[in-house]
Amino acid sequence: MKNNKILIIESILSFFIIITISALITVVCLRIKVESKSVNNASKEAIIITNILENMNSRRYAMIKEYIDELSAFGVTKTFEENEQVITVNGNEFQGKFFGTEIPNGCIVELRIRDLNENFDIQKSVHITIKNNNQLSEISSIIQREIVDNCNEPEISNEYFKDLEISLDEYEVIPIKYSYKTNSYIVTTKGDDDWYNYYAKEWAKVLIFPIYGEDLKNNFIDSAGNIASKINYNGYTLDLKNYIYTWIPNFSIKDNISYFRYKNGKNSIKQDLLYNNGEYLYINTISEVVEDISNECNFNGISGVWRKVDSIDDIYFNSFNATRFGPINLH
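Here's a quick rundown of the structure. (Residues numbered from 1 in each chain as written. Predicted model: local features only at pLDDT ≥ 70, side-chain atom pairs only at ≥ 80, totals over all residues. Heavy atoms only, no water.)

## As for the pattern of salt bridges
Piece 1. Applying the stated criterion to the full structure yields 17 salt bridges.
Piece 2. Residues Asp69 and Lys65 are paired through a salt bridge, measuring 2.9 Å at the closest nitrogen-oxygen approach. Taken as a pair, Asp69 and Lys65 lie in helix H2 (residues 61–70) at a separation of four residues, close to a single helical turn.
Piece 3. Residue Lys65 is classed as partly exposed on the basis of its relative accessible area of 47%.
Piece 4. The closest approach of N and O atoms between Asp115 and Lys124, which form a salt bridge, is 2.5 Å.
Piece 5. Taking the relative accessible area as the measure of exposure, Asp115 reaches 42% and is therefore partly exposed.
Piece 6. Each of Glu81, Glu84, Glu110, Arg112 and Arg114 takes part in a single network of salt bridges with overlapping partners. (Salt bridge = Lys/Arg side-chain N within 4 Å of Asp/Glu carboxyl O. Helix = DSSP H or I, 4+ residues; strand = E, 2+ residues; numbered from the N terminus. Buried < 20%, exposed > 50% of the residue type's maximum accessible area, 1.4 Å probe, protein only.)

In structure tokens form, the structure reads like this:
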């Protein structure tokens, strides 16, 4: 009888131990699930905030201001607070993309921009905050006006396409740039100030199409100058990137720092500051000699080269793509 009571007590204790362990396991699993969800949300917010900043850095300095000035949509408010411009985007109401980034429901993005120089519009501080329920992520950076004309201008002539066996008598060369308004490449001109910006990793690009034969150009480019990324052509799908070439200006590397070089020489281009008639300017001057990267990448007798945007085996493309001016922005 006594043994039976002991067995019953042991069984009850075992039962409660099992229940207690099960409850602890359940609590731990729920906690892990909650923390995992929190980590996932934090990762999602980090991706959103990073994408916004990267998109801003890919635009010319003046284009950022233009984009903000033109931004007008439901869910977006713009105010000024103590010399700061504040742009708030509510993901519950905003439809579209903010600096190329979708803002999901439940998220509120706040962008604060302040001029860092009282007398010159050359630098702005940027602070981005994203709130999602109890999660908060933020990042700060500085954007600055580009140092313009700091590399050799793209050359569109037979001399600069002969190594590609392309003759301007047989091929048409069309400058293009990416438009955030149309979310596509568009036709531009060589004189367009927004054609390229190497500091924003926007290299000068052109399309090259045969002049004669079947007309690829009119299949890719519509009457408004918008360019399709892919087309169906005679039963084949053709990708625009197969026809894009990019300009790699004369450059070299010294002590792990990349330098643009003047014309077809070895001297680097240096920027000096000039304040003239109320305007803040950079002026190009010739500086020290920076030797060739190698015998195969030397720019002897030329101020730059044209290469296909997917020339991953080309030493000029690869070397330049690995500098602070790369990787090239391909949209």
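## Here we look at the sheet that holds strand S2 (residues 84–90)
Piece 1. As summarised here, the arrangement of the five strands in space is S1-S2-S5-S6-S7, forming an open sheet in which the pairing is antiparallel. Bordering the open sheet on either side are strand S1 (76–81) and strand S7 (135–144), each of which pairs with just one other strand. Ignoring strand direction, the axes of neighbouring strands in this sheet form an average angle of 15 degrees.
Piece 2. Bridge analysis of strand S6 (residues 123–132) against S7 gives ten bridges, and the strand direction is antiparallel. In the sheet register, Ile128 faces S7, and the bridge partner there is Ile139.
Piece 3. Packing against the sheet, H2 makes contact with S1, S2, strand S5 (107–115), S6 and S7, and its axis sits at approximately 130 degrees to S7. (Pairing = 2+ DSSP bridges. Axes fitted to C-alpha atoms, helices over the stretch in contact; angles between N-to-C directions. Contact = heavy atoms within 4.5 Å.)

## Points about the environment of Trp306
Piece 1. The topology assignment puts Trp306 in strand S18 (residues 304–308).
Piece 2. Trp306 sits in the buried class, given a relative accessible area of 0%.
Piece 3. As a C-alpha pair, Trp306 and Tyr245 span 61 residues in sequence and 6.2 Å in three-dimensional space.
Piece 4. Apart from residues lying up to four places away in sequence, Trp306 is in contact with Pro154, Glu155, Ile156, Tyr160, Phe161, Leu164, Trp195, Ala204, Val206, Tyr245, Thr246 and Trp247.

## What about H2?
For an α-helix, 3.6 residues make a turn, and residues three or four places apart therefore share a direction.
Piece 1. Turning to H2, its buried residues are Tyr61, Ile64, Tyr67 and Ile68. Along the axis of H2, the buried residues cluster in a sector spanning 125 degrees; they form a single face. (Arc of directions from axis to C-beta.)

## Concerning the nonpolar core
Piece 1. Counting 46 residues, the largest nonpolar core has Tyr198, Leu207, Phe220 and Ile248 as its most contacted members.
Piece 2. Of all the elements in the fold, those that place two or more residues in this core are strand S8 (171–179), strand S10 (205–210), helix H3 (216–220), strand S11 (230–233), strand S13 (244–249), S18 and helix H4 (315–321).
Piece 3. Ignoring any residue separated from it by four or fewer positions in sequence, one finds Phe220 in contact with Phe209, Asn226, Ile227, Ala228, Ser229, Lys230, Ile231, Leu238, Asp239, Leu240 and Tyr243.
Piece 4. Ile49, Ile52, Tyr67 and Val109 belong to the second-largest nonpolar core, a separate cluster that totals 25 residues. (Core = buried A, V, L, I, M, F, W, Y, C linked by side-chain atoms within 4.5 Å.)

## Brief notes about the packing of aromatic side chains
Piece 1. One pass over the structure, following the stated rule, counts 24 aromatic pairs.
Piece 2. By way of ring pairs, the aromatic residues Trp195, Tyr196, Tyr198, Tyr199, Trp203, Phe251, Phe260, Phe299, Tyr316, Phe317, Phe320 and Phe325 are connected into one cluster. (Phe/Tyr/Trp six-rings, centres within 6.5 Å; stacked < 30°, edge-to-face > 60°.)

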